[in-house]
Amino acid sequence: MPVEITWWGHATCTVEDSNVRILTDPLFARRLAHLRRRRGALPAPDSRRADVAVVSHLHADHLHVPSLAGLPEDTRLLVPRGAPGAVPGLRRLTHLRVTEMAPGDVTTVGGVAVRAVPARHDGRRLPVGRHRSPALGYVIEGQVRTYFAGDTGLFDDMAEEVGPVDVALLPVGGWGPYLGEGHLDAGRAAEALARLAPRSAVPVHYGTYWPIGMDAVRPHEFHAPGDEFARLAAERTPGVSVHRLAHGESVRLEVAR
């Protein structure tokens, strides 16, 4: 049975499975603080349509309050446990149905179950913030099992915590010239792919936002991660189909169980 995945840029995707639309880490902004959207047109308003949206962690490029404010009335919103206490703006989004999640929690929407899984990433709202919530990934299970990793580094029990999946949406880069701890670059994402052993993968979290005034600083870190991930995946896990999408592009995947 098919699942359709659309990449809107950064970590924002729509996963359509069993007639349910799941939106990941919604970010629909031309500019965020010192970051500017440098590739891909701003998605059309229809991209905000979802039955459920998931937020992986509190960083502003993943929990972006203005983007969440634009979601339709009564959209279910899954956030890390403690997020409303850490982000006051989240509490003002009264048109959304907010559910706090911790690893192992499951929310069912229509014919789809969304399970929160651990991630290895800084869970603070700001790099120096005192408020912290667990960084999460999510496994979306309908006709297909799709893993959205959010932001994460590699960790020893990743395959056991995530479980069997058919499709993996994996971060392969970032929004600046250097990746800190708790991130996957193209090489580490290829290692994650080998551990998870899905049938298909889509690289995300690269090639969309870049700091203003830093166009000439390590530009390959902006442009290259998707292609590098596809190359390394072909070497290490040739049985996995990698779909390197352009902004706004979709792929429809048939997965036989």
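Per an unreviewed UniProt entry, the protein goes by MBL fold metallo-hydrolase and derives from Streptomyces chartreusis.

**As for the overall build of the protein**
The helix and strand inventory of the protein stands at seven helices and 17 strands. The C-alpha atoms of the protein give 17 Å as radius of gyration, which agrees with the globular expectation for 257 residues (18 Å, within 12%). When its C-alpha atoms are laid out on the principal axes, the protein stretches across 50 × 45 × 35 Å. When burial is assessed residue by residue, the protein has 55% of its 257 residues classed as buried. For the protein, the share of sequence-separated contacts (at least 6 apart) that also reach a separation of at least 24 residues comes to 65%.

**A word on the nonpolar core**
With 53 residues, the main nonpolar core has Tyr138, Tyr147 and Leu170 as its most contacted residues. With six residues, helix H5 (residues 186-196) is the largest single contributor of residues to this core. With 19 residues, the next largest nonpolar core counts Leu23, Phe28, Val79 and Ala83 among its residues.

**A closer look at the sheet that holds strand E5 (residues 35-37)**
Strand pairing in a sheet is mediated by backbone hydrogen bonds. Such pairs are either parallel or antiparallel. A sheet is described by the order of its strands in space; here three strands give the open sequence E4-E5-E15, paired in antiparallel fashion. Two strands in the sheet have a free side with no partner beyond their single neighbour: strand E4 (31-32) and strand E15 (209-211). Where E4 and E5 come together, two bridges link them in antiparallel fashion. Paired with Arg31 across the two strands is Arg36, which belongs to E5.

Conventions adopted
- Residues numbered from 1 in each chain as written.
- Predicted model: local features only at pLDDT ≥ 70, side-chain atom pairs only at ≥ 80, totals over all residues.
- Heavy atoms only, no water.
- Helix = DSSP H or I, 4+ residues; strand = E, 2+ residues; numbered from the N terminus.
- Rg over C-alpha atoms; globule rule 2.2 N^0.38 Å.
- Buried < 20%, exposed > 50% of the residue type's maximum accessible area, 1.4 Å probe, protein only.
- Contact = heavy atoms within 4.5 Å.
- Core = buried A, V, L, I, M, F, W, Y, C linked by side-chain atoms within 4.5 Å.
- Pairing = 2+ DSSP bridges.

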